[in-house]
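Now for the letters of each chain:
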Amino acid sequence: MSQELNLSPSSHALDEETARAEVYGLLSQLYYQAPGDELLGQLQVAVTEAPDAGGFLEEPWRELVACARSLSQAQIAAEYTGLFGGVGKPEVYLFGSHYLSGFLNEKPLVRLRDDLAELGLARSEAMPETEDHAAYVLEVMRFLIAGDDVAVSNLTRQQAFFTQHVQSWLPALCQTLQAHPRAVFYARLAAFTEAFISVESQGFDLVA
(Lines give C-alpha, C1' and ligand atoms only; values in the text may rest on other atoms or scores of the structure.)
Protein backbone atom coordinates (compact mmCIF):
# COMPACT_ATOMS: atom_id res chain seq x y z
CA MET A 1 0.00 0.00 0.00
CA SER A 2 1.29 3.46 -0.80
CA GLN A 3 1.96 5.95 1.94
CA GLU A 4 -0.93 8.19 0.83
CA LEU A 5 -4.43 6.74 0.81
CA ASN A 6 -5.93 8.56 -2.14
CA LEU A 7 -9.04 6.88 -3.51
CA SER A 8 -9.78 9.56 -6.07
CA PRO A 9 -10.79 8.21 -9.50
CA SER A 10 -8.29 8.50 -12.31
CA SER A 11 -8.63 8.64 -16.07
CA HIS A 12 -5.58 6.40 -16.46
CA ALA A 13 -6.29 2.67 -16.49
CA LEU A 14 -2.99 1.85 -14.78
CA ASP A 15 -3.68 4.32 -11.98
CA GLU A 16 -7.19 2.89 -11.59
CA GLU A 17 -5.82 -0.63 -11.25
CA THR A 18 -3.27 0.56 -8.71
CA ALA A 19 -6.02 2.26 -6.73
CA ARG A 20 -8.15 -0.91 -6.78
CA ALA A 21 -5.25 -2.98 -5.52
CA GLU A 22 -4.54 -0.45 -2.77
CA VAL A 23 -8.15 -0.49 -1.60
CA TYR A 24 -8.16 -4.27 -1.39
CA GLY A 25 -4.86 -4.15 0.48
CA LEU A 26 -6.14 -1.56 2.93
CA LEU A 27 -9.35 -3.50 3.60
CA SER A 28 -7.34 -6.67 4.12
CA GLN A 29 -5.19 -4.99 6.74
CA LEU A 30 -8.15 -3.49 8.59
CA TYR A 31 -10.09 -6.76 8.75
CA TYR A 32 -7.04 -8.75 9.83
CA GLN A 33 -6.28 -6.60 12.85
CA ALA A 34 -6.95 -3.18 14.30
CA PRO A 35 -4.84 -0.48 12.64
CA GLY A 36 -1.59 0.40 14.33
CA ASP A 37 -0.56 3.98 14.94
CA GLU A 38 1.06 4.38 11.50
CA LEU A 39 -1.87 3.05 9.47
CA LEU A 40 -4.40 4.94 11.60
CA GLY A 41 -2.36 8.10 11.10
CA GLN A 42 -2.53 7.59 7.32
CA LEU A 43 -6.30 7.14 7.50
CA GLN A 44 -6.71 10.27 9.58
CA VAL A 45 -4.97 12.46 6.99
CA ALA A 46 -6.34 10.70 3.91
CA VAL A 47 -7.79 12.69 1.02
CA THR A 48 -11.59 12.61 1.11
CA GLU A 49 -12.51 14.87 -1.79
CA ALA A 50 -12.75 13.25 -5.23
CA PRO A 51 -12.16 15.33 -8.38
CA ASP A 52 -15.69 14.49 -9.50
CA ALA A 53 -18.02 15.19 -6.62
CA GLY A 54 -20.75 12.70 -5.84
CA GLY A 55 -18.83 9.53 -6.63
CA PHE A 56 -20.40 6.41 -5.20
CA LEU A 57 -17.47 5.72 -2.86
CA GLU A 58 -16.90 9.32 -1.79
CA GLU A 59 -19.44 9.53 1.03
CA PRO A 60 -18.74 6.15 2.72
CA TRP A 61 -14.99 6.89 2.45
CA ARG A 62 -15.46 10.35 3.99
CA GLU A 63 -17.45 8.83 6.86
CA LEU A 64 -14.79 6.18 7.46
CA VAL A 65 -12.01 8.78 7.56
CA ALA A 66 -14.06 11.03 9.85
CA CYS A 67 -14.62 8.11 12.20
CA ALA A 68 -10.90 7.30 12.19
CA ARG A 69 -10.17 10.90 13.10
CA SER A 70 -12.59 10.79 16.03
CA LEU A 71 -11.24 7.64 17.68
CA SER A 72 -7.96 6.63 19.27
CA GLN A 73 -5.95 3.59 18.28
CA ALA A 74 -6.83 2.03 21.64
CA GLN A 75 -10.56 2.54 21.07
CA ILE A 76 -10.45 0.91 17.64
CA ALA A 77 -8.33 -1.96 18.96
CA ALA A 78 -10.83 -2.55 21.76
CA GLU A 79 -13.68 -2.54 19.25
CA TYR A 80 -11.87 -5.05 17.06
CA THR A 81 -11.30 -7.39 19.99
CA GLY A 82 -14.88 -6.99 21.20
CA LEU A 83 -16.36 -7.79 17.80
CA PHE A 84 -14.01 -10.42 16.39
CA GLY A 85 -11.86 -11.70 19.25
CA GLY A 86 -12.24 -12.99 22.76
CA VAL A 87 -12.60 -16.53 24.04
CA GLY A 88 -15.21 -18.75 22.41
CA LYS A 89 -17.76 -17.59 19.86
CA PRO A 90 -17.05 -14.08 18.52
CA GLU A 91 -19.73 -11.43 18.21
CA VAL A 92 -19.13 -11.32 14.45
CA TYR A 93 -17.50 -14.00 12.30
CA LEU A 94 -14.95 -12.98 9.68
CA PHE A 95 -15.00 -16.33 7.87
CA GLY A 96 -16.77 -17.02 4.59
CA SER A 97 -17.84 -20.55 5.49
CA HIS A 98 -20.01 -19.17 8.30
CA TYR A 99 -22.00 -16.99 5.89
CA LEU A 100 -22.12 -19.50 3.03
CA SER A 101 -22.93 -22.66 4.99
CA GLY A 102 -23.69 -21.65 8.57
CA PHE A 103 -20.65 -23.51 9.87
CA LEU A 104 -16.89 -23.04 9.96
CA ASN A 105 -14.46 -25.18 7.96
CA GLU A 106 -17.13 -26.45 5.59
CA LYS A 107 -17.34 -27.05 1.82
CA PRO A 108 -16.86 -23.37 0.86
CA LEU A 109 -13.42 -23.50 2.48
CA VAL A 110 -12.55 -26.66 0.55
CA ARG A 111 -13.53 -25.01 -2.73
CA LEU A 112 -11.55 -21.91 -1.84
CA ARG A 113 -8.46 -23.99 -1.13
CA ASP A 114 -8.86 -25.77 -4.46
CA ASP A 115 -9.12 -22.44 -6.29
CA LEU A 116 -6.12 -21.05 -4.42
CA ALA A 117 -4.07 -24.11 -5.35
CA GLU A 118 -4.98 -23.56 -8.99
CA LEU A 119 -3.64 -20.01 -8.64
CA GLY A 120 -0.46 -21.33 -7.04
CA LEU A 121 -1.33 -19.76 -3.69
CA ALA A 122 -1.33 -21.18 -0.18
CA ARG A 123 -1.84 -19.84 3.33
CA SER A 124 1.30 -18.78 5.14
CA GLU A 125 2.13 -20.84 8.20
CA ALA A 126 2.43 -17.55 10.08
CA MET A 127 -1.30 -16.95 9.62
CA PRO A 128 -3.35 -18.96 12.12
CA GLU A 129 -6.72 -18.20 10.50
CA THR A 130 -8.19 -20.31 7.73
CA GLU A 131 -8.12 -19.05 4.14
CA ASP A 132 -11.77 -17.96 4.15
CA HIS A 133 -10.97 -15.10 6.54
CA ALA A 134 -12.08 -11.78 5.06
CA ALA A 135 -8.54 -10.42 5.18
CA TYR A 136 -7.20 -13.37 3.20
CA VAL A 137 -9.66 -13.24 0.31
CA LEU A 138 -9.24 -9.47 0.06
CA GLU A 139 -5.47 -9.88 -0.09
CA VAL A 140 -5.87 -12.49 -2.83
CA MET A 141 -7.85 -9.94 -4.84
CA ARG A 142 -5.06 -7.41 -4.35
CA PHE A 143 -2.59 -9.99 -5.66
CA LEU A 144 -4.76 -10.83 -8.67
CA ILE A 145 -4.76 -7.15 -9.61
CA ALA A 146 -1.18 -6.17 -8.77
CA GLY A 147 0.78 -9.39 -9.31
CA ASP A 148 3.44 -9.62 -12.01
CA ASP A 149 2.42 -12.98 -13.52
CA VAL A 150 -0.20 -12.14 -16.14
CA ALA A 151 -1.18 -15.81 -16.38
CA VAL A 152 -2.54 -15.48 -12.83
CA SER A 153 -3.04 -11.76 -12.24
CA ASN A 154 -5.56 -10.93 -14.93
CA LEU A 155 -9.14 -9.75 -15.23
CA THR A 156 -10.59 -13.20 -15.91
CA ARG A 157 -9.05 -14.61 -12.72
CA GLN A 158 -10.12 -11.55 -10.77
CA GLN A 159 -13.73 -11.87 -11.86
CA ALA A 160 -13.93 -15.61 -11.13
CA PHE A 161 -12.40 -15.26 -7.66
CA PHE A 162 -14.44 -12.17 -6.83
CA THR A 163 -17.73 -13.81 -7.79
CA GLN A 164 -17.08 -17.04 -5.95
CA HIS A 165 -15.21 -15.92 -2.84
CA VAL A 166 -15.90 -12.21 -2.25
CA GLN A 167 -19.25 -11.14 -3.67
CA SER A 168 -20.86 -14.36 -2.43
CA TRP A 169 -20.56 -13.50 1.27
CA LEU A 170 -18.71 -10.31 2.16
CA PRO A 171 -21.84 -8.14 1.73
CA ALA A 172 -23.51 -10.29 4.42
CA LEU A 173 -20.59 -9.63 6.76
CA CYS A 174 -20.87 -5.92 6.01
CA GLN A 175 -24.58 -5.87 6.79
CA THR A 176 -23.99 -7.76 10.04
CA LEU A 177 -21.39 -5.23 11.12
CA GLN A 178 -23.52 -2.22 10.19
CA ALA A 179 -26.38 -3.61 12.28
CA HIS A 180 -24.23 -4.44 15.31
CA PRO A 181 -24.96 -2.05 18.21
CA ARG A 182 -21.32 -1.89 19.35
CA ALA A 183 -19.73 -1.44 15.94
CA VAL A 184 -18.53 2.12 15.34
CA PHE A 185 -15.36 2.21 13.27
CA TYR A 186 -16.06 -1.23 11.84
CA ALA A 187 -19.61 -0.26 10.91
CA ARG A 188 -18.15 2.59 8.83
CA LEU A 189 -15.56 0.24 7.37
CA ALA A 190 -18.32 -2.22 6.49
CA ALA A 191 -20.34 0.50 4.74
CA PHE A 192 -17.32 1.46 2.65
CA THR A 193 -16.52 -2.19 1.92
CA GLU A 194 -20.08 -2.86 0.79
CA ALA A 195 -20.01 0.16 -1.52
CA PHE A 196 -16.65 -0.87 -2.93
CA ILE A 197 -17.86 -4.42 -3.60
CA SER A 198 -20.88 -2.96 -5.39
CA VAL A 199 -18.62 -0.83 -7.61
CA GLU A 200 -16.40 -3.83 -8.34
CA SER A 201 -19.42 -5.96 -9.17
CA GLN A 202 -20.71 -3.38 -11.64
CA GLY A 203 -17.27 -3.11 -13.20
CA PHE A 204 -17.03 -6.86 -13.72
CA ASP A 205 -20.54 -6.92 -15.19
CA LEU A 206 -19.41 -4.44 -17.84
CA VAL A 207 -16.62 -6.73 -19.01
CA ALA A 208 -18.58 -9.98 -18.78
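Treat the numbers as computed from the prediction; the structure is a model and nothing was measured.

Caption draft 1: Expanded view of the nonpolar core. Counting residues in hydrophobic clusters, the biggest one holds 57 residues, and the most contacted among them are Y31, F161, L170, L173, L177, F185 and Y186. Apart from the residues lying within four places of it in its own chain, the contact partners of Y186 are L30, Q33, A34, P35, I76, E79, Y80, L83, F84 and L177.

Caption draft 2: Region of the structure containing a nonpolar patch on the surface. There is a patch of nonpolar side chains on the surface, built from L155, L206 and V207 and spanning about 310 Å² of accessible area. The class of V207 is partly exposed, set by a relative accessible area of 45%.

Caption draft 3: Looking closely at helix α4 (residues 73-84). Here α4 is 12 residues long and its end C-alpha atoms lie 16 Å apart, about the 16 Å a rise of 1.5 Å per residue gives. One or two positions beyond α4, positive phi appears at G86, with a value near 85 degrees.

Caption draft 4: Seen up close, the packing of aromatic side chains. Scanning the entire structure with this criterion turns up 10 aromatic pairs. Considering the side-chain rings of W61 and F192, the 5.3 Å spacing of their centres and the 50 degrees angle between planes classify their relative orientation as tilted. Taken together, the residues W61 in helix α3 (residues 58-70) and F192 in helix α10 (residues 185-207) connect sequence positions 131 residues apart. Relative to F204, the ring of F162 lies with its centre 5.0 Å away and its plane at 45 degrees, an arrangement referred to as tilted. You can see F162 sitting in helix α8 (residues 155-165) and its partner F204 sitting in helix α10, a full 42 residues away along the chain. Taken individually, F162 and F204 each receive the classification buried, so the pair is uniform in this respect. Taken together, Y31, Y80, F84, F185 and Y186 form an aromatic cluster joined through their ring pairs.

Caption draft 5: Focus on the pattern of salt bridges. Within this structure, the stated rule accounts for 9 salt bridges. A salt bridge links R123 to E131, with the nearest nitrogen and oxygen atoms 3.7 Å apart. Note on R123: relative accessible area 31%, which makes it partly exposed. Salt bridges linked by common partners bring E17, R20 and E200 together as one network.

Caption draft 6: Looking closely at the state of the cysteines. On inspection of all chains with the given rule, the structure shows 0 disulfides. Unpaired in terms of disulfides, C174 finds its nearest cysteine sulfur in C67, a separation of 15 Å.

Conventions adopted
Residues numbered from 1 in each chain as written. Predicted model: local features only at pLDDT ≥ 70, side-chain atom pairs only at ≥ 80, totals over all residues. Heavy atoms only, no water. Core = buried A, V, L, I, M, F, W, Y, C linked by side-chain atoms within 4.5 Å. Buried < 20%, exposed > 50% of the residue type's maximum accessible area, 1.4 Å probe, protein only. Contact = heavy atoms within 4.5 Å. Patch = residues over 30% accessible without salt bridge, like charges linked within 9 Å, V, L, I, M, F, W, Y side chains within 5 Å. Areas by Shrake-Rupley, 256 points an atom, 1.4 Å probe, with all protein chains shown as cover. Salt bridge = Lys/Arg side-chain N within 4 Å of Asp/Glu carboxyl O. Helix = DSSP H or I, 4+ residues; strand = E, 2+ residues; numbered from the N terminus. Expected span 1.5 Å × (residues − 1). Phe/Tyr/Trp six-rings, centres within 6.5 Å; stacked < 30°, edge-to-face > 60°. Disulfide = S-S within 2.5 Å.

Structural measurements only, silent on function.
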